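Topology and contacts: notes
Each chain is listed here by its residues.
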Amino acid sequence: VTLIGLVGMYFPTFRDLFNGLWAGDQQGHGPIVLAVSIWLLGKKAPQVIETPLRPAFVIGWSLLIFGSLLYIIGRSQNILIFEVGSLIVMTASITLILRGMEALKHLWFPLVFMVFMIPLPGVFVDAMTQPMKTAVSYAVESALYAVGYPISRSGVILQIGQYQLLVADACAGLNTLFTLAALGLLYLNLVKHESVARNIILAICIVPISFAANIIRVIALTLITYHLGDEAGQGFLHGFAGMVLFMAALLLIILFDGFLRIILARKS
């Protein structure tokens, strides 16, 4: 009954997201994060059900009221960070009311992971994206120039041969970094290393690894355009470069994880 109520409550929210913000490149990771979050919650459901009943009514009802207010304000004023974020608070509060604090502990990672599907405020994204694009453009120019390619840069515009490329928000923006950070945390949760130091170091390095994956993506697009032409760079291969981004990020995370394993094994 509670699940039906939540679905009915948030169906209009996610319908609007699927038809609007999530349909574009900037927030295209939203449906993926939602699907993974549902899978993680389903995976933890048996442990929640088996937890002894110790309802935390005071904290639970307090959070439920707070989550409801967030939802009402977000839905009525079109503030997505409140509207979508309220789902996390509502899920936590319902778990506390029906099962208790011990049950909520089983759901901490799925609830934290759901944060990555909350659309970031546009002002914050714009403020952070420009310096990130500039840094990626500089790194790409330096790397390709070092191996002999005829490349120059003006701000976030790359000139390679006769082609001019604009490093767009979707290629090197904050939302992309946000998505890759979610991928890194999911990897950490799935592998479940016993070493606390290994987990902490890997978690800290997720951001620079994600930044490096962004650089690899832009390098791939630049080389595709230079060798195969502008049509290839902006057509099918441009979409494929998105897959290159995630494969590069995952590969870098796995390689760095293996490097940490060797280093920590030698010290122990």
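What about the pairing of strand E2 (residues 157-160)?
Residues Leu158 and Ile160 line the buried face of E2, whereas the alternating positions Ile157 and Gln159 sit on a face that is not buried. The sheet contact formed by strand E1 (residues 151-154) and E2 spans four bridges and is antiparallel. What sits directly across from serine 154, in E2, is isoleucine 157. Here E2 pairs with strand E3 (residues 163-166) via four bridges, running antiparallel. Looking across to E3, one finds that leucine 158 is bridged to leucine 165. Where E2 folds back onto E3 in an antiparallel hairpin, the turn is made up of two residues, including glycine 161, whose phi is positive at roughly 60°.

So, the pattern of salt bridges
If you walk through the whole model with that rule in mind, you get five salt bridges. For aspartate 16, the salt bridge identified is with arginine 75, shortest N-O distance 3.0 Å. Linking aspartate 16 in helix H1 (residues 2-19) with arginine 75 in helix H3 (residues 57-77), this pair joins segments that are 59 residues apart in sequence. What makes aspartate 16 partly exposed here is its relative accessible area of 36%. Here the residues in one salt-bridge network are Arg15, Asp16, Arg75 and Glu83, joined through shared partners.

Thoughts on the confidence of the model for the chain
Looking at the chain as a whole, the pLDDT averages 84, with 90% of positions reaching at least 70. Per-residue pLDDT, averaged within each element of the chain, yields its smallest value for helix H8 (residues 169-172) (59) and its largest for H3 (94).

Thoughts on the packing of aromatic side chains
In total, this model carries six aromatic pairs according to the counting rule given. Here tryptophan 108 and phenylalanine 109 contribute two aromatic rings whose centre-to-centre distance is 5.7 Å and whose plane-to-plane angle is 85°, an arrangement assigned as edge-to-face. We classify phenylalanine 109 as buried; its relative accessible area is 8%. Relative to phenylalanine 259, the ring of phenylalanine 256 has its centre 6.3 Å away and its plane inclined at 35°; by these criteria the two rings are tilted. Here phenylalanine 259 and phenylalanine 256 lie together in helix H13 (residues 236-267), a separation of three residues that amounts to about one turn. With a relative accessible area of 46%, phenylalanine 259 lands in the partly exposed category. Chaining the aromatic ring pairs together yields one cluster made of Trp108, Phe109, Phe113 and Phe116.

Description of unusual backbone geometry
Unusually for a residue other than glycine, asparagine 78 sits at a positive phi of about 60°. Inspection of the secondary structure puts asparagine 78 in the loop between H3 and helix H4 (80-98). Overall, the relative accessible area of 60% leaves asparagine 78 in the exposed class.

Notes on the layout of surface pockets
Counted as a void, the largest pocket has a volume near 810 Å³. Lining the largest pocket are 26 residues, and of these Thr2, Leu3, Leu6, Leu41 and Thr91 sit closest to its centre. Within the residue set of the lining of the largest pocket, elements represented by two or more residues are H1, helix H2 (30-50) and H4. Residue contributions to the lining of the largest pocket peak at nine residues, all from H1. Looking at side-chain class alone, the lining of the largest pocket contains 19 nonpolar, five polar and two charged residues.

Rules behind the numbers
- Residues numbered from 1 in each chain as written.
- Predicted model: local features only at pLDDT ≥ 70, side-chain atom pairs only at ≥ 80, totals over all residues.
- Heavy atoms only, no water.
- Buried < 20%, exposed > 50% of the residue type's maximum accessible area, 1.4 Å probe, protein only.
- Helix = DSSP H or I, 4+ residues; strand = E, 2+ residues; numbered from the N terminus.
- Pairing = 2+ DSSP bridges.
- Salt bridge = Lys/Arg side-chain N within 4 Å of Asp/Glu carboxyl O.
- pLDDT = per-residue confidence, 0-100.
- Phe/Tyr/Trp six-rings, centres within 6.5 Å; stacked < 30°, edge-to-face > 60°.
- 1 Å grid on protein atoms, 1.4 Å probe; cavity = no way out; pocket = protein on both sides within 12 Å on 5 of 7 lines; lining within 4 Å.
- Points joined across faces, edges and corners; volume = space filled by probe spheres on them.
- Nonpolar A, V, L, I, M, F, W, Y, C, P; charged D, E, K, R; others polar.

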